[in-house]
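Residue-level structural notes
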Amino acid sequence: MDIQHLEGSIVALVTPFNDDGSVDFEALDRLIEFQIENGTDGILTLGTTGESSTMSHEEDNEVCRFVVEHVGGRVPVIAGSGSNSTETMLEKSLAYQKIGVDGLLIITPYYNKANEEGIYRHLATVADGVDIPCILYNIPGRCGCSISAANMERLAQHPNIMGVKEASANVAFAASIAHLIGPEFRMFSGEDGIAVPLMSLGASGVISVWANVQPALVHEMCRAYLDGDTQRAREIQIAGQPLVHALFNEVNPIPVKEALAQMGLIKANYRLPLCPMSEGARSGLTQALKEAGLLA
């Protein structure tokens, strides 16, 4: 599926686990159908929200294969293949390409970081090695390093790099790279709370945690903005802020998995070092879900 012109709401899908810690494929199928029935524009699997950092390569491949097969071409599937090892990220990217994903999300080298040229080579090496579109992932808060504006300029020229998931939470930085946006390079907000502000700079939508629980609404927000109804998009963005805040009141994906559990879609199971929410945070999340009409 051609994703060069992908736009709208792409859900950063959670990976549900059974009580014994294994992947809950029955719940994963339920989540996929929930997303597609509610108009999601694309599915990202194995991203930060998918807890791939605590999964084995074999599990990653199994989840990727399951998502591709069960989506069945109804919406695009993107796989997060990130690693701080360039060789590992390339190996994972090639494996997911072979499985049949439509695109890849590739990340800066967390922990070891690297200098400017090293970060460029880390990302360009993967883009050189695959034949499907890559989306850069700029999230310095997680990685401890970022894609500079200068490197973004270089990487945007690569024929296999189609855009960036911009999650620095810095609107000024997003504005500084907005001139790169065009037919061959897209921006997606990586922060639910500022999706509409980034769309005002030219972003094509959002890669969203929020969409796990309100896929139809996040799709509507993006579609409204893209269709010129900026007032409706603004209304949804503002009204959604309390829930978005609650979904990030502890480290992602702890709150969103708790929310999906309260909605009856999965069990709130995690792999260490992630663990269940504190009682105070859980209470605030429950209240936000009720106010959003997701719980009685």
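All values derive from a computational prediction rather than experimental measurement.

**Re the overall build of the protein chain**
Counting secondary structure elements, the protein chain contains 13 helices and eight strands. Relative to the 2.2 N^0.38 estimate, which gives 19 Å for 296 residues, the radius of gyration of the protein chain is 18 Å and therefore close to what a compact globule would have. On the principal axes, the C-alpha backbone points of the protein chain span a range of 50 × 45 × 35 Å. Split into buried and exposed, the 296 residues of the protein chain put 55% on the buried side. If you take every contact in the protein chain between residues at least 6 apart in sequence, the share linking residues at least 24 apart comes to 70%. Of the roughly 11700 Å² of accessible surface on the protein chain, a fraction of 51% belongs to carbon and sulfur atoms. Computed over 19 positive and 36 negative side-chain charges, the separation of the two mean positions in the protein chain equals 3 Å.

**Thoughts on the side chain of E51**
Here E51 shows up in the loop between β2 (42-45) and α2 (57-71). Here E51 is in contact with T15, F17, P253, K257, N269, Y270, R271 and L274, once residues within four sequence places are set aside.

**Topic: the packing of α2 against helix α3 (residues 86-99)**
At their nearest, the axes of α2 and α3 sit 10 Å apart, and the two run at 30° to each other. Between α2 and α3, the angle is such that the two are roughly parallel. Two packed elements cross with a definite hand, and for α2 against α3 that hand is right-handed. Residues H57, D60, N61, C64, R65 and V68 of α2 lie in contact with α3, whose contacting residues are T88, K92, A95, Y96 and I99. Considering only residue class, the contact of α2 with α3 consists of five nonpolar, three polar and three charged.

**Considerations on the packing of aromatic side chains**
A full pass over the atoms with the stated rule returns one aromatic pair. Judged by centre distance (5.0 Å) and plane angle (50°), the ring pair of F25 and F66 falls under tilted. On the criterion of sequence distance, the pair formed by F25 in helix α1 (residues 25-37) and F66 in helix α2 is long-range, its members being 41 residues apart. Residue classification places F66 among the buried residues on the basis of a relative accessible area of 14%. The lysine or arginine in question, R154, covers the ring of Y120, its NZ or CZ lying 3.6 Å from the ring centre.

**Digging into unusual backbone geometry**
For the bond from N252 to P253, the omega torsion is 10°, close enough to zero to count as cis. The step from L272 to P273 runs through a cis peptide bond, and the omega angle for that step is 15°. Take P273: it is sitting in the loop between α12 (254-262) and α13 (279-291). The backbone of A114 shows a phi angle near 85°, a positive value even though the residue is not glycine. Judged by its relative accessible area of 43%, A114 is partly exposed. The residue A169 is not glycine, and still its phi comes out positive at about 65°. In this fold, A169 is placed in the loop between β6 (161-166) and α7 (171-177).

**Here's the deal with the nonpolar core**
Generally speaking, soluble globular proteins have nonpolar side chains that are buried together. Residues I32, V101, L136, M152, W210 and M221 are the most contacted members of the largest nonpolar core, which totals 103 residues. If sequence neighbours within four positions are ignored, W210 has contacts with D192, L217, V218, M221, I236, Q237, G240, L243, V244 and L247.

**A short note on helix α4 (residues 116-129)**
When the terminal C-alpha atoms of α4 are compared, their 20 Å separation across 14 residues agrees well with the 20 Å that a helix rising 1.5 Å per residue should span. Residues of α4 that are buried: I119, Y120, H122, L123, A124, V126 and A127.

Rules and cut-offs
- Residues numbered from 1 in each chain as written.
- Predicted model: local features only at pLDDT ≥ 70, side-chain atom pairs only at ≥ 80, totals over all residues.
- Heavy atoms only, no water.
- Helix = DSSP H or I, 4+ residues; strand = E, 2+ residues; numbered from the N terminus.
- Rg over C-alpha atoms; globule rule 2.2 N^0.38 Å.
- Buried < 20%, exposed > 50% of the residue type's maximum accessible area, 1.4 Å probe, protein only.
- Contact = heavy atoms within 4.5 Å.
- Areas by Shrake-Rupley, 256 points an atom, 1.4 Å probe, with all protein chains shown as cover.
- Lys, Arg positive; Asp, Glu negative; His and termini not counted.
- Charge placed at Lys NZ, Arg CZ, Asp CG, Glu CD.
- Axes fitted to C-alpha atoms, helices over the stretch in contact; angles between N-to-C directions.
- Parallel < 35°, antiparallel > 145°, perpendicular 65-115°, else oblique.
- Left-handed = near helix turned anticlockwise from the far one by under 90°.
- Nonpolar A, V, L, I, M, F, W, Y, C, P; charged D, E, K, R; others polar.
- Phe/Tyr/Trp six-rings, centres within 6.5 Å; stacked < 30°, edge-to-face > 60°.
- Lys NZ or Arg CZ within 6 Å of the ring centre and 35° of its normal.
- Core = buried A, V, L, I, M, F, W, Y, C linked by side-chain atoms within 4.5 Å.
- Expected span 1.5 Å × (residues − 1).

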